[in-house]
Amino acid sequence: MKKGKMFYTIFITILVLGIGLVASFGSYIYFTTISSVVERVSNTKQSYMAQMRNSLEQKIQTIEYAFNTYSTTSSFNEVVKHPITEKDFIAYRNVNTQLNYIATMGLEGTEYSLISLDQNWKISNGSLSYLTKTEREKLINTYIDQQDKGLFWIRTDKGIRFVNTLPVFSKKKQAIALSDISSQTLSHTIQTEDHMPVFILNNQGDLMYETEPATRLLSAQQLQHISEVTAKSDNTGMLTLEKTKHQPARQIIYAKSAYNNWTYLTVLDKNEIANAFQTTKFGIIMMGLVLTLLIVVVAYVIAIYFTKPFQQIQRSLPKNPNLTFKNEPSKNEIEWIIDSIDTIVTEKESLESLIQSEMPQLETQLILNLFRKRISVEELARKMPRLGYSQLENQMYITMLIQLDNLGDREPSDKDVLLLAINKIVEETIPEQQRMLPIILNDDTQATIFILTDKNEHEIRKQVLDDATLLIQTVKEYLNVSISIGISTAYSNLLESKEACEMSKQALHHRLNLGKESIIFYEDISMVISGPVLLYYPTELESQLFDAIRIGDEEQVHHTVRSLLAEMMTKNNHSMNFEVLLVRFVNNLIQLEQLLGIEVLLTQDNHALYHRLLDIRNPEEIERMLVEQIIFPMVKSMKEKTNQQFRSLSEKIAAIIRAEYDQELSLELIGDRLHYNPNYLSSIFKKEYGTTFSEYLMGYRLQMGKKWLVETDMTIKEIAERLQYHNSQNFIRSFRKKEQVTPGAYRKMKQAN
């Protein structure tokens, strides 16, 4: 299974911390163990150095004590003052015996010598020799004059020489006792099984002895530094020499002698420490590996344990398509979960905001579903509390419908705006606790469901009547339009809202008989007893209206329509009777337009004419629609048709004049030819051309006479006869009246030009 970033974060963090702790713990153990090993080795070497120091000093002190004791004896004074020769065997034997005795108490392999400065002899290793003057002076100069002590050590080529000037407690030295300890003897005395290097420094810091002079582990400067440091320190200890250009850093174990202030040194060997630490080092490494493996397992288990809830959260959260690749759950669970939660919170806030903003729409849809009976009992019980309505006992409901009686001085396109305004007025006028949300039911109707609690029928009717009256007054005051209101009976179940809405519609149907600004309760009209239907149709007024339409008299049409509708409504009390008569009237109008050959009611725009008329419950609105949308368009069409006929007849008369101007013409002759009355033809010709038939005929003839005067050689008499004048004088008078000149003068004028 692919692990996410959170897993690796926890795993790596625990792993790093664990390995860090292991490394720290291992380092602590490592350095503590090294310190312990170094301390143990150092203590061992310090103990050895102390033992070596004590052992060497014990031998030296024995030699010193032996010589000091011997120098105080009487035999010593006699010997050193007696000149020994080869013949003085007894003296020689005594001295040699004494030296051998001292040798048995001192270091094995040490050469002991006794020199008499008074008698200039020297006994060394059993042999007797004599000093020359030069040798005597050199000894005195080296061991007595140049020294401020009677007991001292010097380094020789072969080892260390212990010099004891005798007698010890006398300033006048008579003899010198020499103890020559060879390097081999010292090495044999102080050498250990591990062959560690040993250095011996005197109190001046001079190197008295070293076990491996060939290797020279310490330089002269380092030895001098050690001497200076140890001179101020305790008897034993350890110091570190810093690394130099030619020498590495070293740790020095030293033991200081209280007897002669010598310093015994050894170098702490790293290989020795490493060997001593080898087993421990292996154990630490193995422990570190085991702990690291354990930490890896623990880190893995902990990472799995802690990331498991995140994976469960991931699976329970929806996928977020807005997250980029780098924030996918397989990459970063925390960021993914945070982004998902932020998205859910944001969507929740947006949804709450959307629901809040959409609450009116949801409530509107609920009420529409109530009026359409498209909601169940369970759905209603679930939605009512969400929309802020509480289900109370003894709660009654009434449905109120409002329709416009007229549009006032507004255009029909403003009807929707007026309904919205009325809906807003209802919302502001009726208290919120007494109603549900007012809605626009359809293109003509506004609907409101009243909520009435703890009221009897009389109180309910009074309250609804008062509210309806207030609404009619408010709408008229602010919108300047009149409305009528239909009110259903009270009901206790909201699921009966559809039946209540139909009741209110039936109530509004009766405003045709009651007039505008009516408040109609369904219970009032439901008591009307139905009987045989007696219809009264005003046939005479219809004939007058049709005659006015034929002649195009708009004023007469408007007056007759109003009278006709008033007769139909006043003499037919039931709204159904009026609707039947209205349908009959529209059918007669359709037949009339077919007879007249016009198309107004049968166009595509009027296919729903019957439904539109029957949906209108306001007499004024019905009259307005009939006049403006049906009858006046018919009158206009008749006018247009009549004008086309007039224009056609006038053009025919003018064409006859232009074709037969040189013949006998009159309206009577043309009327007979066109089958119209001469007076009718005279009137329409004058209406179209603005002049009478005679004037138009005379003008055209004079126009042709002018043309013949210019273009032909006909005489004036011939022209007058051809133009149907009975004598030439009539032609001349008519010509001069129109052109202000006689025909003859007109011809001369044109010919001159």
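Owing to the predicted nature of the structure, the values given are computational and were not obtained by experimental measurement.

(A) Summary view of the overall build of the protein chain. Looking only at helices and strands, the protein chain has 25 helices and 16 strands in total. Sequence separation of 24 or more characterises 63% of the internal contacts of the protein chain that already satisfy a separation of 6 or more. About 42700 Å² of surface is accessible on the protein chain, with carbon and sulfur atoms providing 53% of the total.

(B) Structural context of the pattern of salt bridges. Within the structure shown, the criterion is met by ten salt bridges. With a closest N to O distance of 2.8 Å, E499 and K373 form a salt bridge. Note that E499 is positioned in helix α12 (residues 497-509) and K373 in the loop between α8 (333-372) and α9 (377-386), a separation of 126 residues in sequence. Judged by relative accessible area, which is 34%, E499 ranks as partly exposed. Assessed through its relative accessible area of 48%, K373 is described here as partly exposed.

(C) Spotlight on the sheet that holds strand β8 (residues 207-210). Here five strands make up an open sheet; going across it, the order is β8-β7-β11-β10-β9 and the pairing antiparallel. Across the chains shown, the open sheet's two edge strands, defined by having one partner strand only, are β8 and β9 (236-241). On average, each strand axis in the sheet is tilted by 25 degrees relative to the strand beside it, whichever way the strands run. Bridging between strand β10 (residues 250-256) and strand β11 (residues 263-267) involves five bridges; their strand directions are antiparallel. Bridge pairing in β11 links K256 to T263. Along the sheet, helix α6 (residues 220-230) contacts β7 (198-201), β8, β9, β10 and β11; its crossing angle with β9, the most-contacted strand, is approximately 140 degrees.

(D) Expanded view of the packing of helix α22 (residues 693-711) against helix α25 (residues 743-752). α25 packs onto α22 with a crossing angle of 50 degrees between their chain directions and a minimal axis gap of 9 Å. By the angle between their directions, the pair α22 and α25 is classed as oblique. Considering the relative orientation of α22 and α25, their crossing is right-handed. Side by side, α22 and α25 meet where K706, W708, L709 and V710 of the first sit next to P743, Y746, R747 and K750 of the second. The residue makeup of the contact of α22 with α25, split by class, is five nonpolar, no polar and three charged.

(E) Region of the structure containing the packing of aromatic side chains. Across all of its chains, the model carries 13 aromatic pairs by this definition. Look at F685 and F693: their rings are 6.4 Å apart centre to centre, the planes differ by 75 degrees, and that puts the pair in the edge-to-face class. Given a relative accessible area of 0%, F685 falls into the buried group. You can call F693 buried: its relative accessible area is 6%. Taken together, F685, Y689, F693 and Y696 form an aromatic cluster joined through their ring pairs.

(F) Representation of helix α24 (residues 728-739). With twelve residues, α24 should reach 16 Å at 1.5 Å per residue; the first-to-last C-alpha distance of 16 Å fits that figure. Listed in full, the buried residues belonging to α24 are F731, I732, S734 and F735. Along its buried surface, α24 packs onto α22, α23 (716-722) and α25. Capping of α24 at its N-terminal end is provided by N727; its side-chain oxygen lies 3.1 Å from the backbone amide nitrogen of Q729. Trailing α24 by a residue or two, Q740 shows a phi angle of about 65 degrees, which is positive.

(G) Structural detail: the layout of surface pockets. A volume near 390 Å³ is recorded for the second largest pocket. Along its surface, the second largest pocket is lined by 15 residues, and K149, L151, F152, W153 and N203 are the ones closest to its centre. Residue contributions to the lining of the second largest pocket peak at three residues, all from strand β4 (residues 151-155). Residue classes in the lining of the second largest pocket are distributed as six nonpolar, six polar and three charged.

(H) Spatial organisation of the side chain of R701. Within the secondary structure, R701 is located in helix α22. One buried charged residue, R701, remains without a salt bridge, the closest side chain of opposite sign being E664 at 5.9 Å. With residues near it in sequence (within four places) discarded, R701 still touches Y661, Q663, L665, L723 and Q724.

(I) Region of the structure containing the pairing of strand β1 (residues 111-116). Where burial is concerned, most of β1 is hidden: five out of the six residues are buried. By the bridge criterion, six bridges tie β1 to strand β6 (residues 175-182) in an arrangement that is antiparallel. Residue pairing for β6: L114 is matched across the bridge by A177. Two strands pair when backbone bridges link them, and β1 and strand β2 (residues 121-124) are joined in this way by four bridges, in the antiparallel orientation.

(J) Inspection of the nonpolar core at higher detail. With 40 residues, the main nonpolar core has M49, F67, I84, V95, L114, W153 and W262 as its most contacted residues. Considering each element in turn, this core owes the most residues, nine residues, to helix α1 (residues 5-71). One finds Y661, L665, M704 and W708 within the second-largest nonpolar core, a separate group that totals 30 residues.

(K) Fine view of the sheet that holds strand β3 (residues 127-130). With antiparallel pairing, the six strands of this open sheet are ordered in space as β3-β2-β1-β6-β5-β4. The sheet is open, and its two edges are formed by β3 and β4, each paired on a single side. Neighbour-to-neighbour, the strand axes of the sheet open up by a mean angle of 20 degrees, direction not taken into account. Relative to β1, helix α3 (residues 89-105) is tilted by about 140 degrees, and along the sheet it contacts β1, β2 and β3. Of the strands in this sheet, β5 (159-166) and β6 touch helix α5 (residues 183-190), which is tilted by about 60 degrees from β6.

About the thresholds
Residues numbered from 1 in each chain as written. Predicted model: local features only at pLDDT ≥ 70, side-chain atom pairs only at ≥ 80, totals over all residues. Heavy atoms only, no water. Helix = DSSP H or I, 4+ residues; strand = E, 2+ residues; numbered from the N terminus. Contact = heavy atoms within 4.5 Å. Areas by Shrake-Rupley, 256 points an atom, 1.4 Å probe, with all protein chains shown as cover. Salt bridge = Lys/Arg side-chain N within 4 Å of Asp/Glu carboxyl O. Buried < 20%, exposed > 50% of the residue type's maximum accessible area, 1.4 Å probe, protein only. Pairing = 2+ DSSP bridges. Axes fitted to C-alpha atoms, helices over the stretch in contact; angles between N-to-C directions. Parallel < 35°, antiparallel > 145°, perpendicular 65-115°, else oblique. Left-handed = near helix turned anticlockwise from the far one by under 90°. Nonpolar A, V, L, I, M, F, W, Y, C, P; charged D, E, K, R; others polar. Phe/Tyr/Trp six-rings, centres within 6.5 Å; stacked < 30°, edge-to-face > 60°. Expected span 1.5 Å × (residues − 1). Polar contact = N/O pair within 3.5 Å; in protein donor to acceptor, adjacent residues only side chain to side chain. 1 Å grid on protein atoms, 1.4 Å probe; cavity = no way out; pocket = protein on both sides within 12 Å on 5 of 7 lines; lining within 4 Å. Points joined across faces, edges and corners; volume = space filled by probe spheres on them. Lys, Arg positive; Asp, Glu negative; His and termini not counted. Core = buried A, V, L, I, M, F, W, Y, C linked by side-chain atoms within 4.5 Å.

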